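The residues making up each chain are set out below.
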Amino acid sequence: EKGTYPHFMLKEIDEQPLVMRKIIQAYQDENGRLQINEEITNAMLKADRIYIVACGTSYHAGLVGKQLIEKLAEIPVEVHLASEFGYNMPLLSKRPLFIFISQSGETADSRAVLVKVKEMGYRALTITNVPGSTLSREADDTLLLHAGPEIAVASTKAYTAQIAVLAILASVAGAAKRVPTDLDLVKELGIAASAMDTLCDAKEAFEQIAAEYLPATINCFFIGRSIDYFVGLEGALKLKEISYIQAEGFAGGELKHGTIALIEKGTPVIALATQTNVNGSIRANVKEVETRGAHTCIISMKGLDTAGDRYVLPHVHELLTPLISVIPLQLIAYYAALHRGCDVDKPRNLAKSVTVE
Ligand code: F6R
């Protein structure tokens, strides 16, 4: 039920801090340490390469998951679109482990790959929000998102839940392998949950950005580098699917290789700048598009040099920034769609679960 909310999407955006806290609880042992079923951890440790397979928003969570698993568990990861993998299978490593990420657990493109890799005799783990779903039943193991039902077609809380569960999986595998780390994940996920509260209480700021940047535009670009690039892809997908504004996410460094030709006077460019190691270079990209007339909006994070930025996110661990940097983008998409009179929860041409290939 929507309760007092005008739309499920807004309710589900607001549920994200609570979902973080539920996930922390669900994956803690009696001593407060993060735990994952031993079979899954062993499967991670045995794998020489992990193949993440997913579609849409879940694919975008997989891109973040690759960074988390490679950094925290030191296992190489490839991320594939299910619809491509099925017809153009990459050369597989000797001991692959497959991870299917699917909110619904019913996506036909992902299921087709699962069926194929199971036939080939490989092990598969499904990360899903729906216990007993097809992908959960047909995989060897399941990790649940604990996000509660997601009703709005545009996925929000499932994305952040997927990232949190992938972080836990990566961190538990890393600990089992004794990979050195300074990350106290329970603490940092708690900090991220509080930061999410702050953002959910700051909705007017994002409503204003939508009103100022997007009312009459035909397009909008999201730029970022490293992990911010992946969140930009998700921000663009959200905006496209519910407001019908043509939106694209680009790696900051790629602009000069073609995309910058699209920048005209007034073109909205939303830049994420949450990462220390690329802070200077993404700001240089913002300057490049500003020089060509772009209407730029920098969303950065406390702790970096943030003077003049449009919105400064609370500080969280640099590996976990997608959990919070996506929230402004979800809200900007929501308000842009609302202002355009779109059906936020049920955008045209889309279904919540895509059960055809
Ligand atoms: C976007 C969206 C879709 C889904 C995609 C995969 O907001 O909801 O892109 O993420 O159809 O769905 P699942 O995760 O159920 O496999």
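Residues numbered from 1 in each chain as written. Predicted model: local features only at pLDDT ≥ 70, side-chain atom pairs only at ≥ 80, totals over all residues. Heavy atoms only, no water.

For the protein chain, the name recorded in an unreviewed UniProt entry is Glutamine--fructose-6-phosphate aminotransferase [isomerizing], with Siminovitchia thermophila as its organism. For the protein chain, the Subunit (unreviewed entry) comment in UniProt is given as "Homodimer." In its Subcellular location (unreviewed entry) section, the UniProt entry covering the protein chain states "Cytoplasm". (UniProt positions renumbered as here; feature names shortened; annotations may be inferred.)

Visitor: Can you walk me through the overall build of the protein chain in this structure?
Guide: Secondary structure assignment for the protein chain yields 13 helices and 10 strands. What you see for the protein chain is a C-alpha radius of gyration of 20 Å, in line with the 21 Å of a compact globule of 357 residues. Looking at the protein chain residue by residue over its 357 residues, the buried ones come to 59%. For the protein chain, the share of sequence-separated contacts (at least 6 apart) that also reach a separation of at least 24 residues comes to 76%. Of the accessible surface of the protein chain, which amounts to about 14700 Å², a share of 50% is contributed by carbon and sulfur atoms. One finds the centroid of the 35 positive side-chain charges in the protein chain at a distance of 2 Å from the centroid of its 42 negative side-chain charges. (Helix = DSSP H or I, 4+ residues; strand = E, 2+ residues; numbered from the N terminus. Rg over C-alpha atoms; globule rule 2.2 N^0.38 Å. Buried < 20%, exposed > 50% of the residue type's maximum accessible area, 1.4 Å probe, protein only. Contact = heavy atoms within 4.5 Å. Areas by Shrake-Rupley, 256 points an atom, 1.4 Å probe, with all protein chains shown as cover. Lys, Arg positive; Asp, Glu negative; His and termini not counted. Charge placed at Lys NZ, Arg CZ, Asp CG, Glu CD.)

Visitor: I'm lost on the pairing of strand β1 (residues 49-54) in this one. Help?
Guide: Consecutive side chains along a regular strand alternate between the two faces of the sheet. Of all the six residues making up β1, five are buried; the element is thus mostly covered by neighbouring parts of the structure. Relative to strand β3 (residues 96-102), β1 runs parallel, the two sharing five bridges. Note that in β3 the partner of Val53 across the bridge is Phe100. In this sheet, strand β2 (residues 77-81) lies alongside β1 in parallel orientation, the contact comprising five bridges. Considered in β2, the bridge of Tyr51 is made with Glu78. As for the winding sense of the linkage, the β-α-β connection from β1 through helix α4 (residues 56-73) to β2 is right-handed. (Pairing = 2+ DSSP bridges. Right-handed = clockwise from strand over helix to strand, strands pointing away.)

Visitor: Help me understand the packing of helix α8 (residues 157-176) against helix α9 (residues 185-200) in this model?
Guide: Angle between the axes and distance between the axes are the two parameters that describe a pair of packed helices. Running from N to C, α8 and α9 cross one another at 165°; their axes reach a closest spacing of 11 Å. In terms of orientation, α8 lies roughly antiparallel with respect to α9. In the crossing of α8 with α9, the sense of the turn from one axis to the other is right-handed. Residues Thr160, Ala164, Ala167, Ile168 and Ser171 of α8 form the contact with α9, whose own contacting residues are Leu185, Leu189 and Met196. Class assignment for the residues of the contact of α8 with α9 results in six nonpolar, two polar and no charged. (Axes fitted to C-alpha atoms, helices over the stretch in contact; angles between N-to-C directions. Parallel < 35°, antiparallel > 145°, perpendicular 65-115°, else oblique. Left-handed = near helix turned anticlockwise from the far one by under 90°. Nonpolar A, V, L, I, M, F, W, Y, C, P; charged D, E, K, R; others polar.)

Visitor: Got a minute to help me understand the site of the ligand in this structure?
Guide: Near the ligand lie 14 residues; those nearest to it are Ser58, Ser102, Ser104, Thr107 and Glu241. Ser58 has a polar side-chain atom sitting 2.5 Å from an oxygen atom of the ligand. Val153 is positioned such that a nitrogen or oxygen atom in its backbone is 3.2 Å from an oxygen atom of the ligand. In the complex, the protein chains occlude 89% of the 410 Å² of accessible area that the ligand would expose alone. In this structure, the ligand is accommodated by the largest pocket. If you list the elements that add at least two residues to the shell around the ligand, you get α4 and α11 (227-243). Residues belonging to the shell around the ligand are distributed by class as follows: four nonpolar, eight polar and two charged. (Near = heavy atom within 4 Å. Polar contact = N/O pair within 3.5 Å; in protein donor to acceptor, adjacent residues only side chain to side chain. 1 Å grid on protein atoms, 1.4 Å probe; cavity = no way out; pocket = protein on both sides within 12 Å on 5 of 7 lines; lining within 4 Å. Sits in = over half its atoms within 2 Å of the grid points.)

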